[in-house]
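Chain by chain, the residues run as shown.
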Amino acid sequence: MTVLYPFLRHDRIGDQVLGELGELFGAHGAFDVGFQGCGRFPGVLYLAPVQEDRLRALTLAVAGRWPEAPPFQGWFTDVVPHLTVAYSQESSVFDEIEADISGRLPVTARVGSIHLLVYDGTTWHERAEFALRG
């Protein structure tokens, strides 16, 4: 799941930003997240988390600290936590994927850390991992 996209450019993420992210995420407790069904945005099929509030709080905390990086560049007024499953497919493909996934739900996962992925102009790679409290 994505906490915040887009974030800062990779060349702006130095020791100070990494330290602040560590403090910010360390102030939030680990939690379980469950998925019981799918949802859709135009061109996107996603798993909808049951416990949106904890996920939304993480996004709003990062965006509040770095207002120059609003969620999805400020295109949407409401933050909708989700786990993208597929995008840019025909509706019939989404229907087929959703039918397959629905038979495998519910699923629950423990969220104990946040990984910072950065794009360096060529590839995405993990830059850091931040533990949540507890």
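No experiment lies behind these values; they were computed from the predicted model shown.

Calculation rules
Residues numbered from 1 in each chain as written. Predicted model: local features only at pLDDT ≥ 70, side-chain atom pairs only at ≥ 80, totals over all residues. Heavy atoms only, no water. Helix = DSSP H or I, 4+ residues; strand = E, 2+ residues; numbered from the N terminus. Buried < 20%, exposed > 50% of the residue type's maximum accessible area, 1.4 Å probe, protein only. Contact = heavy atoms within 4.5 Å. Areas by Shrake-Rupley, 256 points an atom, 1.4 Å probe, with all protein chains shown as cover. Lys, Arg positive; Asp, Glu negative; His and termini not counted. Charge placed at Lys NZ, Arg CZ, Asp CG, Glu CD. pLDDT = per-residue confidence, 0-100. Salt bridge = Lys/Arg side-chain N within 4 Å of Asp/Glu carboxyl O. Expected span 1.5 Å × (residues − 1). Core = buried A, V, L, I, M, F, W, Y, C linked by side-chain atoms within 4.5 Å. Phe/Tyr/Trp six-rings, centres within 6.5 Å; stacked < 30°, edge-to-face > 60°. Lys NZ or Arg CZ within 6 Å of the ring centre and 35° of its normal.

Enquirer: Tell me about the overall build of the chain, and name the residues and values.
Expert: If you tally the helices and strands in the chain, you get 3 helices and 6 strands. Ordering the α and β elements of the chain from the N terminus gives α-β-β-α-β-α-β-β-β. With the C-alpha coordinates aligned to their principal axes, the bounding extent of the chain is approximately 45 × 35 × 30 Å. Looking at the 134 residues of the chain, the share that counts as buried comes to 34%. Here the analysis covers contacts within the chain between residues at least 6 apart in sequence; of these, 67% occur between residues at least 24 apart. Within the structure as shown, the chain displays about 8200 Å² of accessible surface, and the carbon and sulfur contribution to it stands at 52%. Across the chain, the mean location of the 10 positive side-chain charges is 5 Å away from that of the 17 negative side-chain charges.

Enquirer: Any details on the confidence of the model for the chain? Residues and values, ideally.
Expert: Predicted confidence across the chain gives a mean pLDDT of 95, with 100% of residues reaching 70 or more. When mean pLDDT is taken per element in the chain, helix 1 (residues 15-26) scores highest with 98 and helix 2 (residues 52-65) scores lowest with 95.

Enquirer: So, the pattern of salt bridges: which residues are in play, and what are the values?
Expert: Close approach of charged atoms allows side chains with opposite charge to pair. The full count for this structure, using the stated rule, is 8 salt bridges. Residues Arg9 and Asp11 are paired through a salt bridge, measuring 3.1 Å at the closest nitrogen-oxygen approach. Each member of the pair Arg9 and Asp11 is classed as exposed. Notably, a salt bridge pairs Asp100 with Arg104, separated by 3.1 Å at the nearest N-O pair. A residue is classified by how much of its surface remains accessible, and Arg104, at 60% relative accessible area, is exposed. Three or more residues are tied together by salt bridges with common partners; here these are Arg40, Asp95 and Glu98.

Enquirer: Outline helix 2, supporting the account with residue identities and numerical values.
Expert: Since one α-helical turn is 3.6 residues long, residues separated by three or four positions face the same way. The end-to-end C-alpha separation of helix 2 is 20 Å, in line with the 20 Å expected for 14 residues at 1.5 Å each. Buried residues of helix 2: Leu55, Leu58, Thr59, Ala61, Val62 and Ala63, and no others. Residues of helix 2 that are buried make contact with helix 1, strand 1 (31-41), strand 2 (44-49) and strand 5 (113-119).

Enquirer: Tell me about the nonpolar core, residues and numbers included.
Expert: Within the largest apolar cluster, 31 residues are counted, with the highest numbers of intra-cluster contacts made by Phe7, Phe25, Trp66 and Leu116. The set of elements that each furnish at least two residues to this core consists of helix 1, strand 1, helix 2, strand 5 and strand 6 (124-131).

Enquirer: Go over the packing of aromatic side chains, please, and point to the residues and values.
Expert: Enumeration over the complete set of coordinates arrives at 6 aromatic pairs. Taken together, a centroid distance of 6.4 Å and an interplanar angle of 50° make the contact between Tyr5 and Trp124 tilted. Of this pair, Tyr5 sits in the segment before helix 1 while Trp124 sits in strand 6; the two residues are 119 residues apart in sequence, bridging distant segments of the chain. Taking the relative accessible area as the measure of exposure, Tyr5 reaches 43% and is therefore partly exposed. Ring centres 4.5 Å apart and planes at 25° place the aromatic pair Phe41 and Tyr46 in the stacked group. Grouping aromatic residues by their ring pairs yields a cluster made of Tyr5, Tyr119 and Trp124. Directly above the aromatic system of Trp66 lies the positively charged group of Arg65, at a separation of 4.5 Å from the ring centroid.

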